[in-house]
Amino acid sequence: MPTQTEELRRRIVADINAGVPGTKLGSERELAEHYRTSRSSLRQVLAALEEAGLIDRVIGRAGGIFISHGQVQRSLADVVGVPAFLASQGYVAGTRVLSTKIGAPDATTQQALGISADDFVIEIQRVRLADGSPISLELAQFPADAFPGLLEEQLGGSLYEILEKRYGLVTARADEHIEAVNATPEEAHLLGIKPKSALLLITRVTYDQTDTACEFSRDLFRGDRTRLAVTAQGRGVGVQPSVTAASVVLQSQP
């Protein structure tokens, strides 16, 4: 059962997620009255939310508590699941499973996973949440023969953890391609944004410890809530080349 502090945090986060960035939630006194809590308890929760980037506290006559909707940072240098990098930034990760199925792969999936048209793939579509707010829409595909019984698992957490614990698979590397796209009406509805809003499409092929392709995924991250980060290795005298690399490719106009 959640503590009073955790319950207060959840209530405030729910109001933040229902609001618009820049909107004033109220003054500290008004919020203490609204949530029927002491100002000391409220300050504790507000400090944590401000550190997480969800609110801004402005001092002065026109000040108060304002919705910020801080950005989630995703590193390009690590192969980790969404729950891991959200937790590292102080967010509570959540998942809404939209659909699961086993079906025939299209030509793009065949090439990515190195399989044939006669093979089958497991397909899992989910919405990932940060403190209850939709942050990304993901569609992941796996070779069905390699992961029997995968759809019987609890799919609300990290799929990489399931692959490691049940199948002994370790994600060794991933090839990712990133491009800016606009949200379709369906994508916008699922992510709680307006149609044609900016999204970051990350197309990924993940390889296991034997350098075999084990996952092909397409992740759509909200452009207003996400920033990408990478540490680049210099090429000066005496600098050893790094095994980790990231690149940005400009898409040609049609």
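Preceding this section is the structure that the text describes.
None of these values were measured; they are calculated from a predicted model.

Caption draft 1: How the structure looks around the environment of arginine 96. Topologically, arginine 96 is positioned in strand S5 (residues 93-103). A sequence separation of 32 residues divides arginine 96 from arginine 128, and the C-alpha atoms of the two residues are 6.5 Å apart. Setting aside anything within four residues of it in sequence, one finds arginine 96 in contact with Gln125, Arg126, Val127, Leu129 and Leu190.

Caption draft 2: Structural detail: the sheet that holds strand S3 (residues 64-67). What the three strands build is an open sheet, ordered S1-S3-S2; its pairing is antiparallel. Lying at the two open borders of the sheet, with one neighbouring strand each, are strand S1 (24-26) and strand S2 (55-58). Within this sheet the neighbouring strands show an average axis-to-axis angle of 35°, counted without direction. With four bridges joining them, S2 and S3 adopt antiparallel strand pairing. Bridge pairing links aspartate 56 to phenylalanine 66 in S3. Across the face of the sheet, helix H3 (residues 39-51) comes into contact with S2 and S3 while running at roughly 120° to S2.

Caption draft 3: Summary view of the packing of aromatic side chains. According to the stated counting rule, one finds two aromatic pairs in the structure shown. Consider the rings of phenylalanine 142 and phenylalanine 147, whose centres lie 6.0 Å apart with planes at 85°: the pair is edge-to-face. We classify phenylalanine 142 as buried; its relative accessible area is 1%. Residue class for phenylalanine 147 comes out buried when judged on its relative accessible area of 3%.

Caption draft 4: Inspection of the pairing of strand S9 (residues 198-208) at higher detail. With 10 of 11 residues buried, S9 is to be regarded as a mostly interior element. Where strand S8 (residues 171-182) lies against S9, 11 bridges are found, and the strand directions are antiparallel. Note on S9: the bridge partner recorded for glutamate 176 is arginine 204. Of the pairings in the sheet, the one linking S9 to strand S10 (residues 213-222) comprises nine bridges and is antiparallel in character. Opposite leucine 201, over in S10, you have leucine 220 as the bridge partner.

Reading the values: rules and limits
Residues numbered from 1 in each chain as written. Predicted model: local features only at pLDDT ≥ 70, side-chain atom pairs only at ≥ 80, totals over all residues. Heavy atoms only, no water. Helix = DSSP H or I, 4+ residues; strand = E, 2+ residues; numbered from the N terminus. Contact = heavy atoms within 4.5 Å. Pairing = 2+ DSSP bridges. Axes fitted to C-alpha atoms, helices over the stretch in contact; angles between N-to-C directions. Phe/Tyr/Trp six-rings, centres within 6.5 Å; stacked < 30°, edge-to-face > 60°. Buried < 20%, exposed > 50% of the residue type's maximum accessible area, 1.4 Å probe, protein only.

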